[in-house]
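Topology and contacts: notes
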Amino acid sequence: MKSNRSRLFMGHPIKAIVLSILILGLSCEQNKTSSYVAVQAPLEFSSNIPVDVNPVLQKELKDAGDIYQLNELFNMYSWQALIAINWPLNENGEARENFTDEGTPTWLTWKEAFQVYRFDGKTPEPWDSPRTDSGLGLQTNVLNDNDSRIILNSTTPTHTGNNNIANETDQAFAGKLFDQNGNVVVYEVLMNKEEFDYVVENKLYNINGQLEFSKTNVNANFPKGDFEKQQLGAVEIKLAWKILEDTDYKERYFKDEGYIINESTKKPEKALLGLIGFHISQKTPTGKQWVWSTFEHIDNLDQNTTEVDGEIKVIHPTLTNPNCEICPVNVDVSNNKNTYSYHTTEHGNYWNVTGDTLNYYTDSAQMKTQSKRMVDIPVRVKRINTLMQEYFKQQGSVWQYYQLIDTQYPLDQNAKPGISTDSLYYIPESVVNKPGGKPNLAFLTNISMETFFQGGNQIAGLMENSQSNITIFGTESCIGCHSSAYLFNSYTSQNGKMTLGIGSQLSGDFSWLLKTAQWDRDQKKPSQEKQE
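Here goes a summary of the coordinates provided. On a predicted model such as this, the values are computed, not experimentally measured, just so you know.

1. Remarks on the sheet that holds strand β12 (residues 340-345)
Read across the open sheet, the 3 strands follow the order β12-β13-β14; overall the sheet is antiparallel. The open sheet has two free edges, formed respectively by β12 and β14 (359-361), since each of these has just one partner strand. Between one strand axis and the next, the sheet turns by 35° as a mean value, whatever way the strands run. Looking at chain direction, β12 and strand β13 (residues 348-353) are connected through 6 bridges and run antiparallel. For Tyr342, the partnering residue across the bridge sits in β13 and is Trp351.

2. Here we look at the pairing of strand β11 (residues 311-314)
Pairing between strand β10 (residues 305-308) and β11: 4 bridges, direction antiparallel. The residue bridging Glu307 from the neighbouring strand is Ile312, located in β11.

3. Describing the environment of Asn433
Mapped onto the elements of the fold, Asn433 is located in the loop between α9 (429-432) and β16 (456-459). Relative accessible area serves as the criterion here: at 2%, Asn433 is assigned to the buried category. Aside from chain neighbours lying at most four places away, what touches Asn433 is Lys416, Pro417, Gly418, Lys438 and Pro439. One polar contact links Asn433 to Glu429, side chain to side chain, over a distance of 2.9 Å. Within the local environment of Asn433, its side chain forms a polar contact with the backbone nitrogen of Lys438, the two atoms lying 2.9 Å apart.

4. So, the pattern of salt bridges
Applying the stated criterion across every chain yields a total of 21 salt bridges. A salt bridge links Lys59 to Asp63; the shortest N-O distance between them is 2.8 Å. Placement of both Lys59 and Asp63 in helix α2 (residues 55-63) is noted, with a separation of 4 residues, approximately one turn of the helix. Each member of the pair, Lys59 together with Asp63, is exposed. Between Arg373 and Glu296 there is a salt bridge, with its nearest N and O atoms 2.8 Å apart. Pair noted here: Arg373 is in the loop between β14 and α8 (379-394) and Glu296 is in strand β9 (residues 287-297), with a separation of 77 residues, a long-range link. By the burial criterion, Arg373 is buried, and Glu296 matches it.

5. Overview of the packing of helix α3 (residues 67-85) against α8
Relative orientation of the contacting elements α3 and α8 amounts to 35°, with a least axis distance of 9 Å. Relative to α8, α3 is oriented so that their crossing is right-handed. Contacts between α3 and α8 pair Tyr68, Asn71, Glu72, Asn75, Met76, Trp79 and Ile83 from the former with Arg380, Val381, Arg383, Ile384, Asn385, Met388 and Phe392 from the latter.

6. Remarks on the layout of surface pockets
Considered as a void within the structure, the second largest pocket measures approximately 620 Å³ in volume. Around the second largest pocket sit 20 residues that line it, and Leu108, Thr109, Trp110, Ser129 and Asn146 are the ones nearest its centre. When its residues are assigned to classes, the lining of the second largest pocket shows 6 nonpolar, 7 polar and 7 charged.

7. Brief notes about the nonpolar core
A general feature of soluble globular proteins is that nonpolar side chains tend to end up buried together. In this structure, Trp107, Ile237 and Phe278 are the most contacted members of the largest nonpolar core, which totals 98 residues. Element by element, the count of residues in this core is highest for α3, at 11 residues. Setting aside chain neighbours within four positions, we find Ile237 in contact with Ile85, Trp107, Trp110, Glu188, Val189, Leu190, Phe278, His279 and Ile280. Judged by nonpolar contacts, the second largest core, of 8 residues, contains Phe114, Phe119, Ile150 and Tyr259.

8. So, the pairing of strand β19 (residues 497-502)
Note that strand β18 (residues 488-494) and β19 share 6 bridges and pair antiparallel. Counterpart to Ser490 in the pairing with β19 is Gly501. Hairpin connection of β18 to β19: 2 residues between the antiparallel strands, including Asn495 at a positive phi of 55°.

9. Quick notes on the packing of aromatic side chains
What the rule picks out here adds up to 25 aromatic pairs. Both rings, one in Trp87 and one in Phe99, keep their centres 5.8 Å apart while their planes meet at 50°; by these two values the pair is tilted. Highlighted residues: Trp87 in the loop between α3 and β1 (88-89) and Phe99 in the loop between β1 and β2 (104-105), separated in sequence by 12 residues. Residues Trp87 and Phe99 agree in their burial class; the two are buried. Between Trp241 and Phe254, the aromatic rings sit 6.2 Å apart at their centres with planes inclined by 40°, giving tilted as the arrangement. One end of the pair, Trp241, is in strand β6 (residues 235-243); the other, Phe254, is in the loop between β6 and β7 (255-261), and 13 residues separate them in sequence. Here the aromatic residues Phe45, Trp79, Trp87, Phe99, Phe295, Tyr391 and Phe392 are joined through ring pairs into a cluster of three or more. Note that Lys238 overlies the ring of Tyr187, its terminal NZ or CZ placed 5.2 Å from the centroid. The ring of Trp519 has Lys525 sitting right over it, with the charged end atom 4.7 Å from the ring centre.

Cut-off values and rules
- Residues numbered from 1 in each chain as written.
- Predicted model: local features only at pLDDT ≥ 70, side-chain atom pairs only at ≥ 80, totals over all residues.
- Heavy atoms only, no water.
- Pairing = 2+ DSSP bridges.
- Helix = DSSP H or I, 4+ residues; strand = E, 2+ residues; numbered from the N terminus.
- Axes fitted to C-alpha atoms, helices over the stretch in contact; angles between N-to-C directions.
- Buried < 20%, exposed > 50% of the residue type's maximum accessible area, 1.4 Å probe, protein only.
- Contact = heavy atoms within 4.5 Å.
- Polar contact = N/O pair within 3.5 Å; in protein donor to acceptor, adjacent residues only side chain to side chain.
- Salt bridge = Lys/Arg side-chain N within 4 Å of Asp/Glu carboxyl O.
- Left-handed = near helix turned anticlockwise from the far one by under 90°.
- 1 Å grid on protein atoms, 1.4 Å probe; cavity = no way out; pocket = protein on both sides within 12 Å on 5 of 7 lines; lining within 4 Å.
- Points joined across faces, edges and corners; volume = space filled by probe spheres on them.
- Nonpolar A, V, L, I, M, F, W, Y, C, P; charged D, E, K, R; others polar.
- Core = buried A, V, L, I, M, F, W, Y, C linked by side-chain atoms within 4.5 Å.
- Phe/Tyr/Trp six-rings, centres within 6.5 Å; stacked < 30°, edge-to-face > 60°.
- Lys NZ or Arg CZ within 6 Å of the ring centre and 35° of its normal.

Given below as structure tokens:
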């Protein structure tokens, strides 16, 4: 481990960077006939999150038009970021010598979103302070169980009208994802200290503070870091967890215990959770639109095998059923408070969803989402995944069972967003450059977090906020979606009903957490109220 932050590929000739990775992979292949092959680490591992891909290398590759190799460098960066964020710490909070050492993953020391954007709108407790109730009515024994996650359901025990406090059970702008055991996949969001400090300093953690902030600022502007000084910028992570059951191969998962609110009893119940998705968004010196790295468990969609007591076992994928080839895919049954019902007929069995005229064939009386990825993982990504997985397999690390899906980043962070209004739009610019920055990829999604964005052919207006009726292929873009994040900037009152005004595109600086802010009702509302 090095004490200084990893300066990604600094001082290495450009052409040698990816070539060295290829040679390493080739040497491993050639020596597989040996009784033992010591697989070298494909990358330099460090407990320090990389600030950025070296801006000098970026410029040289952009000038040469070699975006393919630049994508490869960013994929290496993504793996380095994942490793650093999960680097083990000792009991004093210091980094262990090796990534595979026992210890507390670094991200467990970060702030959970519900501790910052509190339900009661109060000022967050200091960075190093223990969890607090945050106005949620959580039990003391749950709050004090620091070794366990707290996964809030869409309805909390004491606030039955509060929906989706911190994106814990619903996907972004969608409903619940059901795994192949019939359990709901749950989520949590955390932030690093750099982001936490900015939110607290500018009082963006509640609506009161955002209204005051908006008097003198159009947009939020999270810290981007400094490559030369090796100062890190803002980082958010989102984790997707499944409930592990006896039929699951638990040794293949990064595991943790967590409290999940039982929807029937409204009480927290402890369950063993397995990580199936890990999403990293980081603001960098060359990325005003942030850099987006997304990882999944390899068993989410693929039918893999494992050896148990000398016998090869076929693993049932977590999020799809390969034995039902005609099951409709990526059907959202619970969005907009929809309900669903199971029907058995002489012609076949199906699910009916309220507000939907279609009946969806099913081979099970238990709700299970049939998930399908619409954009394949590129070969360039699979290549580095293979190298990382082989290395972690030799190390006996659970990270051998995870894979990078891809990395999305801006090629020109100063490029303005493509024009996209009801009547002013142009395809493809309005779609592929919706957020500005000219992203390297038009689309990037995580099947465990954006299942229901896997639409395929659709009207362009759904992607670009216009009235376009031109049909395109589309899923969703991390950068594009988050560019619509906003600040609360005004409010009006009429007949006792309050309506909040929101900022324009980019006003939330790509963080949807800002919209989870609540009123601090003990504070006087800002003076900008408009009486009607």
